[in-house]
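So you can see what is in the structure, the chains are spelled out below.
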Amino acid sequence: ARSRAMPRRLLSVIMAALCASRIGVGALRIGAALPAAKMRAVAVMQLAPAPTKTRTFQTTDGGGGGKGGAGPAAVVAKPKRKANTEETPMWKVILLGDEDYEEEPVCEALVRVIPEVKAEAKQKYMEAQKTGKSLLVVVPFEHAELYQELLAREDPMIFADLEEE
C-alpha cells in the first residue's frame, strides 16, 4: 500500500505544478500541502472537447419526392481521353557477339529473359557470333530497355544494344 501512495502523491504534486497559475505559486514547493478544495479541482481536470466535424450535404433541383420524374436526370461525367493517334515508337533489341560467350548458358538466358526468341535462340546466338550482332526482338522502348538491363544482369553477362526502328 505504501508503494502506491508515493506515486499518487508525486502525481498530485506534478498536476498541482501544472495548474500553478490557477492555484497559486505556493503549490510549486514539493512538500507543500494543498487544501482539499484545490486538490479536487486538480483531480477533475480533463481534455478539451474535440472540434465538431463539418458536414456537407448535396442538394438537387429535382423537385423532391424521391419517386423520380420530377426533374432532370443526373448526368454522369465521363473522363476526357485523348485519342491515341500516335504510334508507339518501336526499338530493336540487338544481341552483340562476344568471344567469351558459350552457347548453352547464353541461349538459356535469352529464352529466360525474352520468351519470344525460344524457337530461334540458337540461330540468334550463331548469327551474333558470326556477324557481330543479331536482331532479337522489336518492342516499345520501355520493354527494350528492360530486356537490355536483364540481359546485362545475367550470368554470364550478355551484351545487347538498342536501336530505334
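Report follows, based on the coordinates. Keep in mind that this is a model prediction, so the values were computed, not measured.

On to the nonpolar core. Taken as a class, soluble globular proteins show a tendency for nonpolar side chains to be buried jointly. Val 93, Ile 114, Leu 136 and Leu 151 are the most contacted members of the largest nonpolar core, which totals 23 residues. Mapped by element, the contributors of at least two residues to this core are β1 (90-96), α4 (103-113), α5 (121-131), β2 (133-140), α6 (141-153) and β3 (160-164). With sequence-adjacent residues up to four places away left out, Ile 114 is seen in contact with Leu 136, Val 137, Tyr 147 and Leu 151.

Here Pro 89 shows up in the loop between α3 (36-43) and β1. Counting along the chain gives 75 residues from Pro 89 to Glu 164, while the straight-line C-alpha distance between them is 7.6 Å.

On to the sheet that holds β2, then. In spatial order, the strands read β2-β1-β3; together these three strands make up an open sheet with antiparallel pairing. Edge positions in the sheet fall to β2 and β3, since each of these pairs with one other strand and no more. Sheet twist, expressed as the mean angle between neighbouring strand axes with direction ignored, is 30°. Pairing between β1 and β2: seven bridges, direction antiparallel. Counterpart to Leu 95 in the pairing with β2 is Ser 134. The sheet contacts of α5 involve β1 and β2, and relative to β2 the element is tilted by about 125°. Packing against the sheet, α6 makes contact with β1, β2 and β3, and its axis sits at approximately 135° to β2.

What counts and what doesn't
- Residues numbered from 1 in each chain as written.
- Predicted model: local features only at pLDDT ≥ 70, side-chain atom pairs only at ≥ 80, totals over all residues.
- Heavy atoms only, no water.
- Core = buried A, V, L, I, M, F, W, Y, C linked by side-chain atoms within 4.5 Å.
- Buried < 20%, exposed > 50% of the residue type's maximum accessible area, 1.4 Å probe, protein only.
- Helix = DSSP H or I, 4+ residues; strand = E, 2+ residues; numbered from the N terminus.
- Contact = heavy atoms within 4.5 Å.
- Pairing = 2+ DSSP bridges.
- Axes fitted to C-alpha atoms, helices over the stretch in contact; angles between N-to-C directions.

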